[in-house]
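For reference, the chains in residue letters:
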Amino acid sequence: MTTEELEHLILKGPTEELVAALVKLNEPERKKLSKHLAAMRKKITERHAERNSFMNNLSVYIWGRPEGRRINLAMMGIGPWTETKRIRSTDLLECRHHQNYDPQPLLQILRHRRPDWLPKWVEKELAERFVNDWGFIRLLIREGLCPKPQSEQYILGMLFAHLYDRTKSLKDNLLEDPELLTDEIWKIFELCPTRGTILDVSDITIGESHPDASWAVTLKTLAAEGHLDRRRLLEASLGSLTRNTEARNTAWFCKFHELLEPTVEERGRLQTTYLQLLSHRVPVVVGMALDALKIVESSQQLNVPEFMRSVEVVFHLQPKAHPLAAVKLLGKLATREPKRQRDVAAVLLRGLAHPHAQVQQAIVDLLARFNKACKDVIAEQLSGVITSLAPSVQASAHVLLGQTDKVSAGTESPVALDALLKEAEQVVSPWREWAGIDGVLGAIRGTNPLSSVAFDSMSVPRLDPDQRVQPIQTLDELIERLTVAVESLNDPIEYELLLDGLSRLCDQRPADFAARLAPLIRRVEKPLFLLPGMQISLNDMIKSWALDAPSTEVILEYGNSLLAFQSKRLSLITARMRQRQAAPLCACPTHRLGWIDPQEMLHRLKWYEEHGLEPDFHDMVQGLLRLAPDGRAEVLAQATPLKGRYGSAFRYALGGPLEDELTGVLGMIAGRARHPFAERLDVATSVDYGPDATHAAQYTWEFIKSSDSSSTSKTVISVKVHPQPAVSSLIHHVPTVLLHNYRVFDGWNRWAGTVWPANPQPFFASGVRLQYRSYSDAQIKRQRAEYLDPLFDPDVPFSTMAQWLLALALGAGEPEVTGLAVDALIVLIRDGRCVGPELGEVMGSLMAVNELKLNRIAQHLETVGQASLLHAYVCSQMLQIACCRLQENTRDLHHVLSRLLEWLSALKQPVREDFKPVLDKVTTGKAGQLSKRLKGLAPSSHDNVYLTEALEGRLERIRRWIASHRTSQKMD
C-alpha cells in the first residue's frame, strides 16, 4: 500500500476497507508507512489547534470525527510505541453507550498485528481511570492479546465501568464472564489505594432503588445463589477493613458486611477480626466491631480475656459514642460474670483518660456499682487521676472515694491577688475609669457584677512603639520588596509602604536601572485577572514607573464605591511619578492598623511647603482620616506656620479652631478626623452627604425571611445605615461616606479596614452584610475572616456592629472564619472588652431565628473556655443569656448544657436565675439529664480566681497605655 492510498482511505474511508488493508501489511511495510502517518497526524493536530485555539479539548474536537478515528486506527495498526502511547481509547472508539460503538475494527487490527507494546498501552489506558474503556481492555485479555494487568487500576477500572453493557444487569454481566467471579471480584477486597475511593457508600443506598446497578446487592445475591463463597465474602469484607485506614475506603465495606447479615454463629467465628478492628483509626469501623461484639457477648461466645486486652484502645477515640458503648458492654460483662469485676474496673479506670466529661461520668457511675467488690483497686487508682477529671465529674469521684467533705479545687491564680489589689488602688484617673478598675474591684468585693471595659478610643494612646513601621529607604530595598509583593500581597500596610516608596524614589534612575528591574518586570507581566486587587493596582503602578507605560487604570470603573476614591488617588500619584516628581505620601501609615503619627504628618506637610508643592487632594484626605490621637496638642502648637487650606485642615483635625476658609469636603473630613463619633459637625456644607459626613452614622437591623431556588426559606440579617448616602456625584471624594456603600472586592477588604482606623464601625457593618448578600460562593463567605482583624487591637471598642460580626463568624461554616473568631474572642475576654452579656444578647437574637447552630457555637465556645477560668466564666454567662432568647427547646440544646455544666462546676457557681425557666422546660433525653444536674449546682463560698484574672488583664492594659504615653512624650 502506498502513502497516497493510505491517506485516501483515512480521509475518505470507509473504515472497513482501511482495516482490511492494514491487516495485510507485514512489519517492513508498516515501518515504511509509519513516518508518513506520523507527519500526517501532526499536521492535522497543528492545523486544528491553530484554527480552534479557543477549544479546551482538541482531542474531542479532532479525534471525535470519523477521519480522526481512522487516522488513530491506522496508527495502532502500523505506528511504533512512541506514537501509539499518546492515543487513548476515546480517540479510537465511540462512547460504549453510543449507537455507533464498534470495537471490532480495532480488535481486528490488534489481533493480526499483536504488537509487543500492547501491555504498556493497556497500563496507560488504565491510568485514565474515568475515561478508559475497561470493557475493551477486558476483551483484549479474554482474546489473549495481552496478559491480565496486576495493577490496582485494573480492579478500580472494573468497579467504575461495571455497567459497560446497560442492556444487562451487573449480575448478568458478571455471570457472562465467570473468570471475574473467581479472581477479579476477590481482589476488590485486597485493594489498599493511597489515593482514590474503592467503592463509594452510595453504592449501598442506590441498591434500594436500583439493585441491578449496586455492587453490594449484586455480590450478596451471587453469594445467596451459590456463585460466591459466603464465608469467604464475610472474611474478605473484614480483611479489607484491616488493610484500609482511610475513612473513604472503609464505609462501604462496613455497610456491606452488615448487609450480608452475619448470623450469631458467623459473628462468633469472626470475633478475632472484630477485636482487631477495635484499634482501627476510623470510628465507624470501631462502632461496627463493637456492635458485632455485643451480639457475640449476648450469645456468651465472647473471648473475654482477649476482649479485655483489646477494648482499652477504644477510649483513645475522641468521639464519645464508641467509648460510651464500650462502657456499656463492659458493664454487661461485669454483671454477667462478677468474677471479672476487678479486671473491668482496672480497664475503666484507665479509660478515665478520655477527655469527654460524659464518658468520664459513665465510667465513674459504673465503678460505683462495683465499688464493694473493687474498693481497693478504685481507691488506689482513682485518687491519682481525680484532679484531671472534668469539673462536673470530680464531685462524683470524691463521693465514690468517700471524700464527701472535699470540694473540687479551682485553678490557682498565677498572680497573687493582694499584689494586684495594691497596684490597682494606685492607678490614677483617667486610666482608672477607662480600664474599668473600680468595676472589677466591686466584683471582687461582691458589690456588683463584672462589667466590660469602656473607654474613648480617641483618648487613649494608639501609637504602640512595637507597631511602628519603617518607610522604604533605598532603591534596592524598594525593588526587592516589590519583587516579593507582585507574587503575593495581602498586607495593606506593606501595600501603602510600597506606594510611598514608589512616590519618594521615582526620580532615581541609575545607569543600570533597566538591568536591576528586569526580574521584577518579568513578574508583573502576568495576566491581571489572575491577581487580587492590591496586586493589580501595584503591578499597574510598577509598569508606569519602570516602563513609562500609561496607566491602565484597572480599578477606575467601580462606580460609587471606596475603590473609586482609591483609584483616583492612585492615578494622581502615578501621574506625578511619570513626571519624575518625587514626594512623600501624606497617607502612608507610620504604625500598624493604618495610624499616622501627627508629628510625621507635620514633617510631610512642611516638606511640601518647602518645595513649593501641594499634596494630592485624595492623598491628603486619606492622611487626615489616619491621624492618631497621640500628641495632637503638642503638634498643633508647631503647625501654626503651615499655610493654605491643607494647613487649616490639619490644624482643625488636631483640635485647633475652625478657620473661615475651611469648608466643604476637606473641612468635613478634618472634622471627622477630629471627632469620629460626633453627632453633628460644625463645618459648613451645602449638602447632606450621608452617614459619617456632617452627621454620624446610625445603624438599624432586622431579620428578613428569604427564599432560594429550592423553595426553602432562610432568615438573613439586613443592616441599614442612616442617613442614606447621597448621590454618586456628590460623595465620590468622601471616603467616610463611601465606606458605607458596601461592596465585596477580593483582595481589598483588609485595606478598607485601614482607611479610617479611628472608626471601624462601617468596616464591621460591611462584614455583617455578607450575610445579607447571600453569596453562594464559599470563597466570598470566607472573606468575613478579614473583617475580624481590627478586633485583635485591644484599643478597638467592642461595639454593637463588632458584636454582630463576631457572633455571625462564630456560627459560620467555614473553618477559616470560625478559627479566627475564636482567637478574637479569647483576646476580647482577656483584655476585658467582653464579659458575656453584650455578646450573649446578640447571639440570643440569632438563635431565636435559627441563625446559630447550637452544636457549632457550643463547640467553638468550649475552645474559648479552655483558655482560663475567666474565659470559662464569660462563656457561661454568654450562653445562658443567649439561650434565654430561645422560643422553644431544640434537640441540640444538650450541646450547650454539657459545656455549661463543666464551666459552672469548675467555677463553683450555680446557673443564673433568668436561665432556670429554660431548664424547667427540659425534662427528657440528654438535655433533661443535664438540666437536672445543672439545677442541682449549689453556690459555694465566693471565689476570686477568675476575677483575679480579669483584674490582671485590665492592669496589663494600663501598663501598656502608660508605657506608650511616656514613649510619645519622649519622642516629642
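Residues numbered from 1 in each chain as written. Predicted model: local features only at pLDDT ≥ 70, side-chain atom pairs only at ≥ 80, totals over all residues. Heavy atoms only, no water.

> Describe the environment of Glu-258, and please don't skip the residues or the numbers.
Of note, Glu-258 is situated in helix H16 (residues 251–259). Remark: the alpha-carbon pair of Glu-258 and Ala-292, spanning 34 residues in sequence, is separated by 9.3 Å. When near neighbours in sequence (up to four residues on either side) are disregarded, Glu-258 contacts Arg-267 and Met-288. (Helix = DSSP H or I, 4+ residues; strand = E, 2+ residues; numbered from the N terminus. Contact = heavy atoms within 4.5 Å.)

> Before we move on, can you summarise the side chain of Asp-177 with the specific residues and values?
The topology assignment puts Asp-177 in the loop between helix H11 (170–175) and helix H12 (179–187). Judged by relative accessible area, Asp-177 falls into the buried class, the value being 3%. Here the side chain of Asp-177 touches Arg-138 through a polar contact of 2.6 Å, side chain to side chain. Asp-177 has contacts with Arg-138 and Arg-142, leaving out every residue within four places of it along the chain. (Buried < 20%, exposed > 50% of the residue type's maximum accessible area, 1.4 Å probe, protein only. Polar contact = N/O pair within 3.5 Å; in protein donor to acceptor, adjacent residues only side chain to side chain.)

> How would you sum up the packing of aromatic side chains? Please name residues and give values.
Here a ring pair, both rings aromatic, is described through the centre-centre distance and the interplanar angle of the planes. Enumeration according to the criterion identifies 21 aromatic pairs in this entry. Here Trp-434 and Trp-961 contribute two aromatic rings whose centre-to-centre distance is 6.4 Å and whose plane-to-plane angle is 90 degrees, an arrangement assigned as edge-to-face. Of this pair, Trp-434 sits in helix H27 (residues 431–434) while Trp-961 is found in helix H52 (residues 945–971), placing the two residues 527 residues apart along the sequence. Residue class for Trp-434 comes out buried when judged on its relative accessible area of 18%. Ring geometry for Phe-763 and Phe-764: centres 6.5 Å apart, planes at 50 degrees, overall tilted. Of the two residues examined, Phe-763 and Phe-764, each falls in the buried class. Grouped by ring-pair contacts, the aromatic residues Trp-186, Phe-189, Trp-252, Phe-253 and Phe-256 constitute a single cluster. Looking at Arg-232, its charged tip hangs above the ring of Trp-186, at a distance of 4.0 Å from the centre. (Phe/Tyr/Trp six-rings, centres within 6.5 Å; stacked < 30°, edge-to-face > 60°. Lys NZ or Arg CZ within 6 Å of the ring centre and 35° of its normal.)

> A description of the nonpolar core should follow, citing residues and the corresponding values.
Membership of the largest hydrophobic core comes to 184 residues, with the highest contact counts inside it found for Trp-545, Leu-624, Phe-650 and Met-843. Ranked by residue count, the leading element in this core is helix H48 (residues 869–883), at 10 residues. Residues in contact with Phe-650, not counting those within four places in the same chain, are Pro-598, Met-601, Leu-602, Leu-605, Met-620, Leu-624, Leu-627, Val-635, Ala-639 and Leu-642. With 127 residues, the next largest nonpolar core counts Leu-22, Ile-204, Val-282 and Ala-357 among its residues. (Core = buried A, V, L, I, M, F, W, Y, C linked by side-chain atoms within 4.5 Å.)

> Quick one: what's the story with helix H46 (residues 837–848), residue by residue and with numbers?
For H46, with 12 residues, the first-to-last C-alpha span of 16 Å sits near the 16 Å given by 1.5 Å per residue. The element H46 is largely enclosed, with a buried count of 9 among its 12 residues. For H46, every residue scored as buried is listed here: Glu-838, Leu-839, Gly-840, Val-842, Met-843, Gly-844, Ser-845, Leu-846 and Met-847. Phi turns positive, to about 60 degrees, at Asn-850, one or two residues after H46. (Expected span 1.5 Å × (residues − 1).)

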